[in-house]
Amino acid sequence: MIIDKVRIFDGTAMLGPGAVEFADGVITRVLTEPAAASDAPAPASASASASASAEVIDGTGLTLLPGLIDAHTHVFGAESNLELALAFGVTTELDMFMGPPELTQALCTAAGERADLADMRSSGLVASAPGGHPGHAMPLLPTVAGPDEADAFVAARQAEGAHFIKIIVDDGANHGMSLPALDRATVTALADAAHRRGLLTVAHVSAGWSARLALDSGVDMLTHLPLEAALDDAFVSRTADGKRVAIPTLAMLEASAPETPSRSRTGRALADDPRVVGYLPDHARTAIAEGHEGLCVEKESSEHHFTHALASVARLHRAGVPVLAGTDTNYRPDRACPVVHGASLHTELALLVEAGLTPAEALTAATSAPAAHFGLSDRGLIAPGRRADLVLVEGDPTQDITHTRSIEAIWRGGVRFDREAYRERTASGTGGTRA
Ligand SMILES: [Zn+2]
């Protein structure tokens with residue numbers, strides 16, 4: 001397969017126009033015009049006509065992107081969520097809490113093999129304090145009572161196939177509760193144990209105090225951002241100096257924060273976007289249009305503002321902290337959540353641009369950056385040898401980030417996803433509802 005005369009965003013920058021060829025699931029050639037080629041010696045022509053036997057798509061007016069990676073999702077064991085993700089160009093999801101372990105392993109295996117689902121990696125079960133969030137509602141969830149239980153906890157998750165370790169630092173205050181939380185010594189022991197075993201750590205942080213605790217404990221990545229205040233300069237520069245990574249989950253924070261008259265929700269606009277609605281199950285569209293995520297029950301709390309999260313992203317980005325696109329989608333067929341798999345990554349991209357990233361930087365945050373920071377060295381770039389996870393869109397999303405919604409074609413591992421068949425199943429009310 002050759003996509004010719006197409007703008008190429010390779011995961012870091014706009015190349016091209018040029019041609020991309022792939023075969024057997026792998027990108028084999030990337031040809032760009034001599035004027036646009038930066039390093040490699042340019043071929044005499046961007047025309048791919050030499051490969052006469054391959055099928056050729058005319059990419060005039062279109063842009064080819066690496067498959068999108070959502071760096072914070074919740075799949076909940078539902079294949080339908082991975083199918084919904086793929087229908088919006090998300091070819092890989094990084095799941096941040098799923099169980100039981102046998103189900104997580106089975107779904108990761110299926111997602112690795114099936115071309116009709118987004119691929120996935122998962123943390124499996126999360127580390128949290130006894131009686132804390134989220135274990136207070138899940139009595140069977142293993143917890144970590146102190147530093148001396150950290151290594152056994154990490155070893156058990158590794159044995160279950162966890163791809164990284166997720167650590168919850170949350171006292172339940174956003175839910176109007178007061179719950180025990182992991183302390184600094186325990187989080188430090190978890191991070192140390194994970195690093196000894198070659199695993200990355202991701203900390204769920206609920207507020208400023210928990211973000212500081214995670215940073216002080218040596219956790220690699222922080223996910224979510226405080227809503228009660230923007231991160232201050234001292235915190236941001238320590239995060240940059242410590243080579244940490246942020247996964248802000250703006251899509252979820254926007255849906256969770258109290259709504260203000262001065263700013264309408266970017267995520268809600270998906271429900272009216274003709275490029276999006278036809279591919280959404282009815283219950284997802286309704287959830288987007290009406291829904292409010294229950295992260296913050298104290299809606300009247302005057303200091304909780306989504307604009308604080310936007311300001312924090314701007315500061316982190318300016319300081320050089322890698323920011324990854326992650327939605328924290330909690331959607332599942334039996335639980336309406338306005339942050340929907342796949343579609344909401346396009347909201348996250350728009351919110352990252354609102355926070356101050358350029359559209360190209362936002363696209364990097366959803367392609368090469370998560371691949372690099374999560375060790376997914378086979379994807380995230382349009383380059384020879386990488387997986388043919390590709391999204392073809394109309395227009396130029398480095399000029400207008402919402403052009404990522406104008407999807408013409410999606411390939412996962414070189415196999416084209418039948419988006420029209422998905423739309424027909426979805427429109428008939430049978431798509432996206434199977435678990
Ligand atoms: Zn989450």
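Since the model is a prediction, treat every value here as computed from it, not as a measurement. (Residues numbered from 1 in each chain as written. Predicted model: local features only at pLDDT ≥ 70, side-chain atom pairs only at ≥ 80, totals over all residues. Heavy atoms only, no water.)

1. With respect to the overall build of the protein chain
Part 1: Across its full length, the protein chain holds 14 helices and 15 strands.
Part 2: In summary, the protein chain has a C-alpha radius of gyration of 21 Å against a globular reference of 22 Å for 435 residues, a match within 12%.
Part 3: With respect to the principal axes defined by its C-alpha atoms, the protein chain has extents near 65 × 45 × 45 Å.
Part 4: Considering the protein chain as a whole, with its 435 residues, one finds that 57% of them fall into the buried category. (Helix = DSSP H or I, 4+ residues; strand = E, 2+ residues; numbered from the N terminus. Rg over C-alpha atoms; globule rule 2.2 N^0.38 Å. Buried < 20%, exposed > 50% of the residue type's maximum accessible area, 1.4 Å probe, protein only.)

2. As for the sheet that holds strand β9 (residues 165-169)
Part 1: Strand order in this open sheet of four strands is β9-β10-β11-β12, and the pairing throughout is parallel. Every other strand in the sheet has two partners, leaving β9 and β12 (245-247) as the edge strands with one partner each. Neighbour to neighbour, the strand axes of the sheet diverge by 25° on average, direction disregarded.
Part 2: In this fold helix α4 (residues 184-196) packs onto β9 and β10 (201-205), with an angle of close to 175° to the strand it touches most, β9. (Pairing = 2+ DSSP bridges. Axes fitted to C-alpha atoms, helices over the stretch in contact; angles between N-to-C directions. Contact = heavy atoms within 4.5 Å.)

3. Observations regarding the confidence of the model for the protein chain
Part 1: When the pLDDT values of the protein chain are averaged, the result is 91; 91% of them are 70 or greater.
Part 2: Here residues 35-46 scores under 50 on pLDDT; set against residues more than four positions off or in separate chains, the count is 15 contacts. (pLDDT = per-residue confidence, 0-100.)

4. Things to note about the side chain of Asp119
Part 1: Within the fold, Asp119 resides in strand β8 (residues 119-122).
Part 2: Classification of Asp119 by relative accessible area gives buried; the value is 3%.
Part 3: A polar side-chain atom of Asp119 sits 3.3 Å from a polar atom in the side chain of Arg121. (Polar contact = N/O pair within 3.5 Å; in protein donor to acceptor, adjacent residues only side chain to side chain.)

5. Here's the deal with the pairing of strand β14 (residues 407-412)
Part 1: Of all the six residues making up β14, five are buried; the element is thus mostly covered by neighbouring parts of the structure.
Part 2: By the bridge criterion, four bridges tie strand β13 (residues 390-394) to β14 in an arrangement that is antiparallel. Along β14, the bridge assignment pairs Val391 with Ile410.
Part 3: Note: β14 against strand β15 (residues 415-416), two bridges, orientation antiparallel. The partner of Arg412 across the bridge, within β15, is Val415.

6. Focus on the packing of helix α3 (residues 150-159) against α4
Part 1: Put simply, α3 and α4 touch, their axes get as near as 8 Å, and they point 45° apart. Between α3 and α4, the crossing angle belongs to the class labelled oblique. Here α3 runs over α4; the crossing is right-handed. Between α3 and α4, the contacting residues are Ala150, Asp151, Phe153 and Val154 on the first element and Thr186, Ala189, Leu190, Ala193, Ala194 and Arg196 on the second.
Part 2: Taken together, the residues of the contact of α3 with α4 sort by class into seven nonpolar, one polar and two charged. (Parallel < 35°, antiparallel > 145°, perpendicular 65-115°, else oblique. Left-handed = near helix turned anticlockwise from the far one by under 90°. Nonpolar A, V, L, I, M, F, W, Y, C, P; charged D, E, K, R; others polar.)

7. Details of the coordination of the zinc ion
When a metal carries six donors in an octahedron, the ideal angles between them are 90 or 180 degrees, while four donors in a tetrahedron ideally lie at 109.5 degrees.
Part 1: Looking at the zinc ion, one finds its protein donor set to be His72 (NE2), His74 (NE2) and Asp328 (OD), positioned 2.0 to 2.1 Å from the metal centre.
Part 2: Between consecutive donors of the zinc ion, the numbers of intervening residues give the motif H-x1-H-x253-D. Of the two residues, His74 sits in the loop between β6 (68-73) and α1 (79-87) while Asp328 sits in the loop between α10 (306-318) and α11 (343-355), which places them 254 residues apart along the sequence. The burial state of His74 is the same as that of Asp328; both residues are buried. (Donors = N, O, S within 2.8 Å, 3.2 Å for Na, K, Ca; no water.)

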